[in-house]
Protein chains: 2
Amino acid sequence: MTTIKGGRALPLNTILSGDCIEQMNSLPEASVDLVFADPPYNLQLKGELHRPDNSRVDAVDDHWDQFDSFAAYDRFTRDWLAAARRVLKPNGAIWVIGSYHNVFRMGAELQNQGYWILNDVVWRKSNPMPNFRGKRLTNAHETLIWASRAEGAKYTFNYEALKSLNEGVQMRSDWVLPICTGHERLKDDKGDKAHPTQKPESLLHRVLVATTNPGDVVLDPFFGTGTTGAVAKMLGRDFIGIEREERYRKIAEERLSRVRRFDREALMVSSSKRAEPRVPFGQLVERGMLRPGEVLVSPRGKTAKVRADGTLVGDAMTGSIHQVGAALEGAPSCNGWTYWHFKRDGKTVPIDVLRQQIRSEMSGRPH
Amino acid sequence: MTTIKGGRALPLNTILSGDCIEQMNSLPEASVDLVFADPPYNLQLKGELHRPDNSRVDAVDDHWDQFDSFAAYDRFTRDWLAAARRVLKPNGAIWVIGSYHNVFRMGAELQNQGYWILNDVVWRKSNPMPNFRGKRLTNAHETLIWASRAEGAKYTFNYEALKSLNEGVQMRSDWVLPICTGHERLKDDKGDKAHPTQKPESLLHRVLVATTNPGDVVLDPFFGTGTTGAVAKMLGRDFIGIEREERYRKIAEERLSRVRRFDREALMVSSSKRAEPRVPFGQLVERGMLRPGEVLVSPRGKTAKVRADGTLVGDAMTGSIHQVGAALEGAPSCNGWTYWHFKRDGKTVPIDVLRQQIRSEMSGRPH
DNA sequence: ACCCGCGATGAATCTGGTT
DNA sequence: TAACCAGATTCATCGCGGG
């Protein structure tokens, strides 16, 4: 348990029982970094059907019947998404997963509530169940939606880590992963599958590496047998689970007790340049790596002269390395660090090399 | 022109001008077999976007894609879907295509109106535009929804035809197809793209082969430059197009005049050459075949540790399996797959064995 | 004829810290 | 809060021109 402002406890790394909406509403607001939600779509709604105006269903037309069950599902979706939004930190984000039965309704409601969709992601199953009757296409994928709490939020995205996971190429919105089978698939006493829709750990691994950092709090309001919690624990994230069914909670507890966290070094992830400390160009001059008066050269042969204050003098233009580069190229912007080169021993070297040198001195450790 | 019951003419193989809702409402009810609709996506683009090389991205900023609010877009969606449903035959079906900006709203409204969703289909683009700022996943797919006019309708589905299109394996709900480029992409007088969102003929080919028969009537209420009509004509289906913008209608008319029935069949057999699928090393980690923190060994006894993002940590060096191998050997390059080994049951095994395992799971994998 | 390198481009809700 | 500005960021493919 961790105590946060207001003195209320955040029940970290535990599974709460009961209704997820009530439980989320009992948590302090703005307290979790990420929500991962795999809600049910086969709700048993018959018997509690009301139109929005509370009139009775007279069932002349099964179209109406359908409308009412969609309305009930929409109410449920609206309520749990609102509860999730309340507990999310301002820069938090959410993942939801579903199939065509429910994902369109979730996506529309996410937008209605002010969540800001970042990507929809297709989980392409490498080993789906075939369509036996040959009446439709093999349903070989599920859809995830990744959204920040609001437009403009500074969501977490470990771009470089995902690029590494994908062998150096930018990660796409379609992910090929096998469904959960074999030893990973939890069984009950009778050897049947313990949960009908257990998600593969590989899917959660990718989600959590992509959009959380170690120490983040991940909430799963439909915890089931605890895949989210298990992967969170492995990856050094904290989790909060909510699950209504006691039998799933028990299986999840047992599963979590067996999970071990990976060691700290393994959890470090490739970081982007953006995360590295900023080095002002002037420092290269101060340190004598470049001399005032020295001439820098662009790839296409333009030149500029270094001044003592770290500005450049080009053709009819003075300013930062970026400004002068942009002006010379007629471009909207320019990264002066990679644009400008200097000469040493007959070789032409980008000035970024000097920045790297300073950075490695600062960290004392090469990356 | 064909005359049907009630004496009203069905304007086959022509492009109607004007508002698609009005035009659909002027057609006789229950008269078309299939609707294919590629409506405005309601993209909400803020500023300009530049590629890393500073070139400007030519974005979809056309007036027809602008809506004031979700409410306005929802009204538009409700109206055109209702109009389409009226003109559909009882056993008719509809395809809509969209991205995360609009597809959830379309899917929900389809369900609300009593359409019966049969599949959602993912068009996985083999050559999408990358995410230039590294802030999200590459948006590498669009979503299609296939729905019958009502639950229980006897919709058309050419199961065997699709199976043969797919080298004898049941067609899945994810289709890998390139975007429309090269000579197929229509250009205007200035050599720029004539329409910002022209769809590839291969996509329409698959849709029409799957869910229509020769002689069926296909209606496209957002005809654009006429891809639906062109493929329908090639395949011996009749079409009705509706398009508001005169410049698109003119281009489509000209295009259709050049199309000949059948001349495409031979070409459309998907190229059988298929390279071995690339398996990123990171997938072995995500799938739990290797654990973060686990130590890999080289033939000459060098070691490195696996991280959660699929990179290796060696002596004073972090990077891909290939980079770290090359660095340790002082070689310009290194095939990490054969260089690195892991231990299981006392045996030392190259990691390439695990890659083979994944590939065999994927095999039989259709495109 | 064939190969290679270069430039162009595609439905995109695409920055973030400091002053 | 708005303005300013440093500076980080791309993959597959096609067409074309030169060798």
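Residues numbered from 1 in each chain as written. Chains lettered and ligands numbered in written order. Predicted model: local features only at pLDDT ≥ 70, side-chain atom pairs only at ≥ 80, totals over all residues. Heavy atoms only, no water.

Draft legend 1. Local environment of the domain arrangement of chain A. For chain A, the assigned domains read domain 1 (14-267) and domain 2 (281-364). One C-alpha centre belongs to domain 1 of chain A, the other to domain 2 of chain A; they are set 49 Å apart. (Domains from an automatic or database assignment.)

Draft legend 2. Focus on the side chain of N102(A). Residue and element names in this part refer to chain A. With respect to the helices, strands and loops of the structure, N102 is situated in the loop between β5 (88-98) and α3 (103-112). Here the side chain of N102 touches Y73 through a polar contact of 3.1 Å, side chain to side chain. Not counting chain neighbours up to four residues away, the residues in contact with N102 comprise P39, P40, Y41 and Y73. (Helix = DSSP H or I, 4+ residues; strand = E, 2+ residues; numbered from the N terminus. Polar contact = N/O pair within 3.5 Å; in protein donor to acceptor, adjacent residues only side chain to side chain. Contact = heavy atoms within 4.5 Å.)

Draft legend 3. Quick peek at the interface of chain A and chain B. With 75 residues of chain A in contact, the opposing surface of chain B contributes 79 residues. Summed over the three residues of chain A that lose the most area to chain B, namely F104(A), R124(A) and L137(A), the buried surface amounts to 12% of that side. Seen at the junction of chain A and chain B, the total is six salt bridges. The closest approach of N and O atoms between D174(B) and R124(A), which form a salt bridge, is 2.2 Å. Across the contact surface, chain A and chain B share 43 residue pairs in polar contact (both at pLDDT 80 or more). Only α2 (62-87), α3, β6 (116-125), β7 (141-148), α4 (159-165), β8 (174-177), α5 (201-211) and α8 (264-267) of chain A provide two or more residues apiece to the side of chain A that touches chain B. Counting residues per element, the side of chain A that touches chain B draws most heavily on β6(A), at nine residues. (Buried area = accessible area lost by both parts, 1.4 Å probe. Salt bridge = Lys/Arg side-chain N within 4 Å of Asp/Glu carboxyl O.)

Draft legend 4. Examining the pattern of salt bridges more closely. Counting across every chain of the model gives 36 salt bridges over all chains. Put simply, K199(B) and D38(B) hold a salt bridge, and the shortest N to O gap is 3.0 Å. Of the two residues, K199(B) is situated in the loop between β8 (174-177) and α5 (201-211) and D38(B) in the loop between β4 (32-37) and α2 (70-87); the sequence distance between them amounts to 161 residues. For the pair K199(B) and D38(B), a shared accessibility class is recorded, and that class is buried. Between R344(B) and E294(B) there is a salt bridge whose closest N-O contact spans 2.8 Å. On the criterion of sequence distance, the pair formed by R344(B) in strand β15 (residues 341-344) and E294(B) in the loop between α9 (282-286) and β11 (295-297) is long-range, its members being 50 residues apart. By relative accessible area, R344(B) is classed as partly exposed at 32%. What emerges from the salt-bridge pattern is a single network uniting R124(A), R172(A), D174(A), R124(B), R172(B) and D174(B). (Buried < 20%, exposed > 50% of the residue type's maximum accessible area, 1.4 Å probe, protein only.)

Draft legend 5. Spotlight on the protein's contact with DNA strand D. DNA strand D sits among 28 residues. The nearest are Y159(A), K163(A), H322(A), R355(A) and H183(B). Backbone atoms, meaning sugar and phosphate, form 65% of the atoms of DNA strand D found within 4 Å of the protein. In this structure, H183(B) approaches DNA strand D through a side-chain N or O atom, which is 3.0 Å from a phosphate oxygen. Mapped onto the surface near DNA strand D, the elements with two or more residues apiece are α4 and α10 (321-329) of chain A. (Near = heavy atom within 4 Å.)

Draft legend 6. Spotlight on the protein's contact with DNA strand C. Residues and elements named next belong to chain B. Residues in contact with DNA strand C amount to 37 residues; listed here are only the nearest, R51, Y100, R133, K135 and R185. Near the protein, meaning within 4 Å, the atoms of DNA strand C are sugar or phosphate in a fraction of 45%, with bases accounting for the rest. Contact distances for DNA strand C include 3.4 Å between a base oxygen and a side-chain N or O atom of N131. Of the residues that constitute the surface near DNA strand C, the class distribution is 18 nonpolar, seven polar and twelve charged. (Nonpolar A, V, L, I, M, F, W, Y, C, P; charged D, E, K, R; others polar.)

Draft legend 7. Local environment of the sheet that holds β5(A). Residues and elements named next belong to chain A. On the basis of which strands lie adjacent, the open sheet formed by eight strands has the order β3-β10-β9-β4-β5-β7-β6-β8 and mixed pairing. At either end of the open sheet lies a strand with only one pairing partner, and these are β3 (14-17) and β8. Neighbour to neighbour, the strand axes of the sheet diverge by 20° on average, direction disregarded. Note: β6 against β8, four bridges, orientation parallel. Of the residues in β8, the one forming a bridge with R124 is V176. With respect to the sheet, α5 is in contact with β4 (32-37), β5, β6, β7, β8 and β9 (217-220), its orientation differing from that of β8 by roughly 140°. (Pairing = 2+ DSSP bridges. Axes fitted to C-alpha atoms, helices over the stretch in contact; angles between N-to-C directions.)

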